[in-house]
Amino acid sequence: MRILFLTKYVKPFDGYGRYSIALRNGMMKEGHKVKVLVSESSGLSPENEEAILESPQKYISNPLHIFEASRRVQKKIELFRPDLIHCLVEPYAHILSLMPQMSTPIILTVHGTYAFLPLLVESKMRRGVTNYFTERIMLRANAIIAVSAYTKRHLLKSYRRGDVLEKKTAVIHNGVDVLYFKKDSECTSEPRRPRTVLLVGVVAERKGVKEAIYSLKRYQEKYGRELKLRVVGSLHEETTYVKEVLALLRDLRLENSVHFTGRISEEELFREYREAAAFLLPAVNHGKEFEGFGLVYLEANAFGLPVVGVSGSGAEEAIADGESGFLVRPGDVEAIADKLHSLVDYPDLWEKMSGQAIRWAESFVWEKQIKLYEEVYRKVLQDHPAP
């Protein structure tokens, strides 16, 4: 197969990037010819990667960018002549909605928040335009892949013609390269920080950073012991939420207990996973913003790190409650503090859950997930043969 991917980048900076890397590499390993259109080049694969897109947000905030991008992408399609086009980041699908009807099948991956941001655009006129593009490409797509059943349910109830979307939407969970992580762990010997909790995600409301900080404070008050929190992810200090987070740290006197690393390299991220005692991502559903799956839970598990997440989100499918980690009710600071206590203060329980976490992650290996993607691709091509 000749596959054209549209994505933000193939860099390991975040879940989108690591997902794109895994899918590209997996398809190439299976012998498929791959081309990737991105907004930021990795500089590692110039032969199959071209930076001709803009950031995904631009196609939501200003629909005029869609028109220009559609012409650029159309030229690349004509040159590469793919058997199918797979859009890995939702806003880039708007570009395809403007193209003249073509025989090349289109597949969309729906992760979570990005798919529903058009519904949140403040300007009524722009919201109408972006909604039009979104629904147009959703209906035009030959197949939609949701990263969780939770995301699929959200999709079907948020857009019109849910009956049509239901028939074309498959659920394929994100994968994790356990063997790659295991080799990394075996090559290093850093001891874990016994009283450090790790959170991986951009500092934003839907990642539950405030809830993590309140839980840290509650743990210290309830159990009288020190606990550190390390937050790995982009930190935009000009945003209202980040300002509120920093003010909260001052109010709770936790400035010395919480450390923000900002965006870091993959090597540094792996070190954070290896050295932490527990992983916490208490995601918050905020309107149409939500955690669609939570690849970071599986990444933490692959390093033998038990996790704490919240119910009522895609995390329910990424966490085996009581085995690979714990699920708590959203915003339940008391329960989070108690679960952290179980993980950091009971070594025998930690050892048991660490082994279970690795085995759970192994059930999501990318090799298996790639086969599921290939099944979708082949069915689409079978149902829509080339003219």
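1. Things to note about unusual backbone geometry
(1) Moving on: In this model, Arg81 sits at a positive phi of 50 degrees, which is unusual for a non-glycine residue.
(2) Moving on: By secondary structure assignment, the location of Arg81 is in the loop between helix 3 (64-80) and strand 4 (84-87).

2. Observations concerning the sheet that holds strand 4
(1) Moving on: Ordered in space as 3-2-1-4-5-6-7, the 7 strands form an open sheet in which the pairing is parallel. The sheet is open, and its two borders are formed by strand 3 (49-51) and strand 7 (169-171), each paired with just one other strand. The average angle at which neighbouring strand axes cross in this sheet is 20 degrees, direction not considered.
(2) Moving on: Bridging between strand 6 (residues 143-146) and strand 7 involves 3 bridges; their strand directions are parallel. For Ile144, the partnering residue across the bridge sits in strand 7 and is Thr169.

3. Focus: the sheet that holds strand 13 (residues 325-328)
(1) Moving on: Strand order in the open sheet formed by 6 strands is 10-9-8-11-12-13, and the pairing between neighbours is parallel. If you trace the sheet from one side to the other, it starts and ends with strand 10 (258-262) and strand 13, each paired once. If you compare each strand with its neighbour and ignore which way they point, the axes differ by 25 degrees on average.
(2) Moving on: Summarising the sheet, strand 9 (residues 228-232) and strand 10 pair through 4 bridges and their orientation is parallel. Paired with Arg230 across the two strands is His259, which belongs to strand 10.
(3) Moving on: Here helix 9 (residues 209-223) sits on the sheet and contacts strand 8 (196-200), strand 9, strand 10 and strand 11 (278-280); the angle it forms with strand 9, its principal contact strand, is near 170 degrees.

4. Side note on the packing of helix 1 (residues 15-29) against helix 16 (residues 366-383)
(1) Moving on: It is the contact of helix 1 with helix 16, at a shortest axis distance of 10 Å, that shows an interaxial angle of 75 degrees. With respect to helix 16, the element helix 1 is oriented roughly perpendicular. Contacts between helix 1 and helix 16 pair Tyr19, Ala22, Leu23, Gly26, Met27 and Lys29 from the former with Trp366, Glu367, Ile370, Tyr373, Glu374 and Tyr377 from the latter.

5. Here's the deal with the packing of helix 9 against helix 10 (residues 240-252)
Relative orientation and spacing of two packed helices are given, respectively, by the angle between their axes and the distance between those axes.
(1) Moving on: Across the interface, helix 9 lies against helix 10 with an axial gap of 10 Å and an inter-helix angle of 10 degrees. For the element pair helix 9 / helix 10, the angle class is roughly parallel. Residue-level inspection shows Val209, Lys210, Glu211, Ile213, Tyr214 and Lys217 of helix 9 in contact with helix 10, the latter providing Tyr241, Glu244, Val245, Leu248, Leu249 and Leu252.
(2) Moving on: Split into classes, the residues belonging to the contact of helix 9 with helix 10 amount to 8 nonpolar, no polar and 4 charged.

6. Digging into the pairing of strand 12 (residues 307-310)
(1) Moving on: Burial of strand 12 is two-sided: the residues Val307 and Gly309 facing one way and the residues Val308 and Val310 facing the other way are all buried.
(2) Moving on: As judged from the 2 bridges shared by strand 11 and strand 12, these two strands associate in the parallel manner. In the sheet register, Leu280 faces strand 12, and the bridge partner there is Val308.
(3) Moving on: In this sheet, strand 13 lies alongside strand 12 in parallel orientation, the contact comprising 4 bridges. Among the inter-strand pairings, Val310 is bridged to a residue of strand 13, identified as Val328.

7. A look at the side chain of Glu374
(1) Moving on: Locating Glu374 in the fold gives a position in helix 16.
(2) Moving on: A residue is classified by how much of its surface remains accessible, and Glu374, at 2% relative accessible area, is buried.
(3) Moving on: Those residues within four positions of Glu374 in sequence are excluded, and the remaining contacts are Met27, Glu30 and His32.

8. Quick look at the packing of aromatic side chains
(1) Moving on: Considering all chains together, one arrives at 12 aromatic pairs under this definition.
(2) Moving on: Aromatic side chains Tyr9 and Phe13 sit 5.8 Å apart centroid to centroid with 85 degrees between the ring planes, which places their arrangement in the edge-to-face category.
(3) Moving on: Overall, the relative accessible area of 0% leaves Tyr9 in the buried class.
(4) Moving on: Consider the rings of Trp360 and Phe364, whose centres lie 5.1 Å apart with planes at 65 degrees: the pair is edge-to-face.
(5) Moving on: Here Trp360 falls in the partly exposed class, since its relative accessible area comes to 24%.
(6) Moving on: For Phe364, a relative accessible area of 7% gives the class buried.
(7) Moving on: Within the aromatic cluster, the residues linked to one another by ring pairs are Phe270, Tyr273, Phe279, Tyr297 and Phe303.
(8) Moving on: Its guanidinium or amino end placed over the ring of Phe80, Arg2 lies 4.4 Å from that ring's centre, counting from NZ or CZ.
(9) Moving on: Cation over ring: Lys339 sits above Phe326, and NZ or CZ is 4.6 Å from the ring centre.

Cut-offs applied
Residues numbered from 1 in each chain as written. Predicted model: local features only at pLDDT ≥ 70, side-chain atom pairs only at ≥ 80, totals over all residues. Heavy atoms only, no water. Helix = DSSP H or I, 4+ residues; strand = E, 2+ residues; numbered from the N terminus. Pairing = 2+ DSSP bridges. Axes fitted to C-alpha atoms, helices over the stretch in contact; angles between N-to-C directions. Contact = heavy atoms within 4.5 Å. Parallel < 35°, antiparallel > 145°, perpendicular 65-115°, else oblique. Nonpolar A, V, L, I, M, F, W, Y, C, P; charged D, E, K, R; others polar. Buried < 20%, exposed > 50% of the residue type's maximum accessible area, 1.4 Å probe, protein only. Phe/Tyr/Trp six-rings, centres within 6.5 Å; stacked < 30°, edge-to-face > 60°. Lys NZ or Arg CZ within 6 Å of the ring centre and 35° of its normal.

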